[in-house]
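# Commentary on secondary and tertiary structure
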Amino acid sequence: MIHDANVKLISPSAVLKQVAGAIPEDFRQNIIIVGSLAAGYYFFADNPRLQVRTKDVDCLLSPRIEAIPAGQAVANRLFAENWQLPTEGDWGKAGDATTPLNKLPVVRLYPPGSTDWFIELLTVPESESDLDRNDIRLITSQGHFILCSFGFLSLAEFQPITTPFGIAIARPETMAIANLLHHPAIGSQTMSGLIAGRRIKRSNKDLGRVLALARLAEAKEEDSLQKWPELWAAALQSRFPASWRKLVPRVGTGLRQLLRPENEADLEEAHHTCANGLLVSQSPTLKLLEVTGERLIQDAIEPLETLGRAS
Amino acid sequence: MKTIQFERPIDGFPGFRAGAVLDGTVYEVLVESRDARRLRSALMEMARVVSSKEVNRVVLVLEEPIVTISRLHEEWEGAASVIRPELFVRLSMVVRQSGKWSGIPASPNADEIPMLEEIIRHEIDTRPASLNRSAEAHYDILRILIHQWLLGKGPATVGLLMEISGTSHPTVSRSLERIDHYLKRHSDRSVELRTFPLDEWTRLLAVSDDVRGTVRFADRSGQARSPESLLRRLRQLQRQDIAVGGVLGAKHYQPSFDLVGNPRLDISVHSGRKTANLSFVERLDPGLEKTVRRDESPTLVIHTIRRAESLFQPGEDGLPWADPVECLLDLHELRLESQSLEFLNSFPATKGRPL
């Protein structure tokens, strides 16, 4: 994710419609939007005044077995319709057959005539033991790219919500648990770009995203967090049938660490990302974010832990 | 699994009983400590105890201290200057304030917290209530009599009043003497109210907070949970010692009660003579914190019922209802004066003679 002073407020519905319209109809069913745009659409679609500040529109290609043909078809259509590779950084030049995998760029394309946002193609891991980042080669009309996958992205594939535009969005609940599992502790790695002028730890940004999703869920429907553990358990059992019980205890460790008083600086970073991202239209106080975390632990994480311990 | 030993004697310290002991660590608990001198003397006592061969560490556990954290640090540094360093390094202090843990020199680990909570719970459950019992007893008996009268239950014997209030014969007699002009005394020595005891009621309203141990909780997050949400969560706790009062309770007794909306949740906790353990509040909403400011709108208000019998009425969903007298007090406290009168006048006892 890139964040800088030029990141614009975007309307989730308008962007989703534009993305769906550019994707070949036959492959729309293979697309699940994840991240801020998906959350923004889920929570704000019925209120056009509410927007999100994001630059990237992450498109998950699913299922994995169809990721390569779907990725090729989508990328080739977008190239044909004059979507543009970035002109700066490491993302603007496709590789060829001789380019090693670790030197290939991801497919990142701006819509014609705009640099307000771009789409990025991702896919889901091949198996439940495939927990690290994994890249596969994607050969397109414009050269070679990679499709990358991350361990817990497969959770976002669980029971996605189909939009009227024909593509789906990931559920807030599954995006939240994917981020929680991805950060069982506050790590030292920082984001490559600045977020509203600040260098932020990746774990704080992603755990902040979890808090933003929980806050929006509570604002939309009081007590809705109490419904999360059941869906989380179903998603874990579906995507990690052999290992889900082992995963449950690590769901809450990163968030609990973030909420400890001695880690207030990390929570403040999470707050900064929320206030300049998903919650830009309804900026929370630091206290609200902290309480949201505690409510999430009580309503969702502790009951999930109980489910995980049950026979 | 290791077991916490409560109130355990320590060798070499005759008469001293450690609050709790686990694995060579002694835990001493201070609840709602507002006195710096008490804190200082506790630190000195800890230094004495840690010199025992059977003690590795001593931890002072402060539950909802009234003194500030910075004052605690000052006291800690003061103690460091007078306690031998080899003993002082084996001392620590952990603090739970508004449900949040901190500590000096370090916060407790997540693993330790359930054990610390158990130690606090034990301390709260076993300490006697500190309020003036004789002052409360009169208002307990008054409320029991009003309860009998409102619900048309007829005369009550002194024995019944003793049983419900949990007080002695002389206490009940003194109280009845005080409100004699409101009483109808029967030949079998039972008593009942002739009418609503307005001036005694007015006196009760003036001291209601103290008599009922009222504690208010306000939202600190800026996005308060609704009273309905708190109520749903309270039901999930399946507690029979907690009852719903306030506007909801009044509506239960009088479904036609004229009040739209529910500004807050009033509940009564039956604690008997012990201090009420309010740790369940965090389960209702971690965003709630105690407030003593009267200009702040609380989301949750808790009243303590200290008499022997709660007079709670069973609820259909497993959560009892506070008795109508508590509901009436809650309405007064909410400044719903006309609704209080309407509620009072809706009971059979007041039929034909509205107050």
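Each value, and the rule that gives it
Residues numbered from 1 in each chain as written. Chains lettered and ligands numbered in written order. Predicted model: local features only at pLDDT ≥ 70, side-chain atom pairs only at ≥ 80, totals over all residues. Heavy atoms only, no water. Helix = DSSP H or I, 4+ residues; strand = E, 2+ residues; numbered from the N terminus. Contact = heavy atoms within 4.5 Å. Lys, Arg positive; Asp, Glu negative; His and termini not counted. Charge placed at Lys NZ, Arg CZ, Asp CG, Glu CD. Core = buried A, V, L, I, M, F, W, Y, C linked by side-chain atoms within 4.5 Å. Buried < 20%, exposed > 50% of the residue type's maximum accessible area, 1.4 Å probe, protein only. Salt bridge = Lys/Arg side-chain N within 4 Å of Asp/Glu carboxyl O. Pairing = 2+ DSSP bridges. Axes fitted to C-alpha atoms, helices over the stretch in contact; angles between N-to-C directions. pLDDT = per-residue confidence, 0-100. Buried area = accessible area lost by both parts, 1.4 Å probe. Polar contact = N/O pair within 3.5 Å; in protein donor to acceptor, adjacent residues only side chain to side chain. Nonpolar A, V, L, I, M, F, W, Y, C, P; charged D, E, K, R; others polar. Parallel < 35°, antiparallel > 145°, perpendicular 65-115°, else oblique.

## Overview of the overall build of chain B
Counting its regular elements, chain B contains 13 helices and 13 strands. Each principal axis of the C-alpha atoms in chain B carries an extent, and together these give about 80 × 50 × 40 Å. Across chain B, contacts joining residues at least 24 apart in sequence account for 70% of those joining residues at least 6 apart. If the 48 positive side-chain charges of chain B are averaged to one point and the 50 negative ones to another, these points end up 2 Å apart.

## Some remarks on the environment of Phe-27 of chain A
Residue and element names in this part refer to chain A. In this structure, Phe-27 sits in the loop between α1 (12-22) and β2 (31-34). Separated by 39 residues in the primary sequence, Phe-27 and Glu-66 place their C-alpha atoms 9.4 Å from one another. When residues no more than four places from it in sequence are discounted, the contact partners of Phe-27 are Pro-69, Ala-70, Ala-73 and Val-74.

## A look at the nonpolar core
Counting 96 residues, the largest nonpolar core has Val-19, Ile-33, Ile-119, Trp-228, Trp-232, Leu-236 and Leu-296 of chain A as its most contacted members. Broken down by element, the residue count for this core peaks at eight residues, all from helix α6 (residues 202-220) of chain A. Dropping the residues within four chain positions of it, Trp-232 of chain A is found in contact with Glu-173, Ala-176, Ile-177, Leu-180, Val-251, Leu-296, Ala-300, Ile-301 and Leu-304 of chain A. Leu-142, Val-244, Phe-343 and Leu-344 of chain B belong to the second largest nonpolar core, which has 60 residues in total.

## Topic: the pattern of salt bridges
Note that side chains of opposite charge can pair when their charged atoms are close. By the definition in use, this model includes 49 salt bridges over all chains. Salt-bridge contacts for Arg-225 of chain B lead to Glu-218 of chain A; the nearest nitrogen and oxygen are separated by 3.3 Å. Of this pair, Arg-225 of chain B sits in the loop between β9 (215-219) and α9 (227-237) while Glu-218 of chain A is found in helix α6, placing the two residues in two different chains. Both residues of the pair, Arg-225 of chain B and Glu-218 of chain A, count as buried. For Asp-209 of chain B, the salt bridge identified is with Arg-216 of chain B, shortest N-O distance 3.0 Å. By relative accessible area, Arg-216 of chain B is classed as buried at 7%. Look at the salt bridges and you will find they share partners, linking Glu-218, Glu-222, Asp-223, Arg-295 and Asp-299 of chain A together with Asp-219, Arg-225, Arg-232, Arg-233 and Asp-285 of chain B into a network.

## Structural notes on the sheet that holds β9 of chain B
Residue and element names in this part refer to chain B. Within the open sheet, the five strands sit side by side as β10-β11-β13-β9-β12. Their pairing is mixed. In the strand order of this sheet, the two ends are held by β10 (242-244) and β12 (288-291), each with one partner. The sheet shows a mean angle of 30° between the axes of neighbouring strands, taken without regard to direction. For β9 and β12, the ladder comprises four bridges, and the chain directions are antiparallel. Paired with Phe-217 across the bridge in β12 is Lys-290.

## Considerations on the confidence of the model for chain B
Per-residue confidence for chain B gives a mean pLDDT of 88; residues scoring 70 or more make up 96%. Scoring of the predicted complex yields 0.78 for pTM and 0.85 for ipTM.

## What about the interface of chain A and chain B?
On the side of chain B, 23 residues touch chain A, which itself brings 18 residues to the contact. Interface area for chain A against chain B, summed over the two sides, is near 1,600 Å², with a carbon-plus-sulfur share of 34%. At the junction of chain A with chain B, the criterion picks out eleven salt bridges. Our count for the contact surface shared by chain A and chain B stands at 14 residue pairs in polar contact (both at pLDDT 80 or more). Going through the elements one at a time, α6 and α11 (286-309) of chain A are the ones with two or more residues in the side of chain A that touches chain B. If you tally residues by element for the side of chain A that touches chain B, the top one is α11 of chain A, at nine residues. Within the side of chain A that touches chain B, the residues separate by chemical class into three nonpolar, three polar and twelve charged.

## Quick notes on the pairing of strand β13 (residues 300-305) of chain B
Residue and element names in this part refer to chain B. Across the six residues of β13, six count as buried, placing the element largely inside the fold. Of the two faces of β13, the one holding Leu-300, Ile-302 and Thr-304 and the one holding Val-301, His-303 and Ile-305 are both buried throughout. The pairing of β9 with β13 spans three bridges and is classified as antiparallel. Counterpart to Arg-216 in the pairing with β13 is Val-301.

## Some remarks on unusual backbone geometry
With an omega of -5°, the peptide bond between Ser-62 of chain A and Pro-63 of chain A qualifies as cis. On the secondary structure map, Pro-63 of chain A appears in the loop between β4 (56-61) and α3 (67-80). In this model, Ile-104 of chain B is joined to Pro-105 of chain B through a cis peptide bond whose omega is 5°. The residue Pro-105 of chain B is located in the loop between β6 (100-104) and α4 (113-126) in this model. Of note in the backbone geometry, Asp-23 of chain B takes a positive phi value of approximately 55° without being a glycine. Position of Asp-23 of chain B among the secondary structure elements: in the loop between β2 (17-22) and β3 (25-31). Positive phi outside glycine occurs at Arg-335 of chain B, with the angle close to 65°. By the secondary structure assignment, Arg-335 of chain B is in the loop between α12 (324-333) and α13 (337-345).

## As for the packing of helix α10 (residues 264-275) of chain A against α11 of chain A
Each packed pair of helices is defined by two parameters, the angle between the axes and the distance between the axes. Residue and element names in this part refer to chain A. One way to put it is that α10 packs onto α11 with a least axis distance of 10 Å and a crossing angle of 105°. If you check the angle between α10 and α11, you find them roughly perpendicular. Along the contact surface, α10 presents Glu-264, Leu-267, Glu-268, Ala-270, His-271 and Cys-274, while α11 presents Leu-286, Leu-289 and Glu-290.

## Digging into the pairing of β3 of chain B
Residue and element names in this part refer to chain B. Summarising burial for β3: six of the seven residues are buried, a large majority. The pairing of β2 with β3 spans three bridges and is antiparallel. Residue pairing in the sheet places Leu-22 in a bridge with Thr-25 of β3. What sits between the antiparallel neighbours β2 and β3 is a turn of two residues, in which Asp-23 has the positive phi angle 55°. Pairing between β3 and strand β4 (residues 57-63): seven bridges, direction parallel. Note that in β4 the partner of Thr-25 across the bridge is Arg-57.

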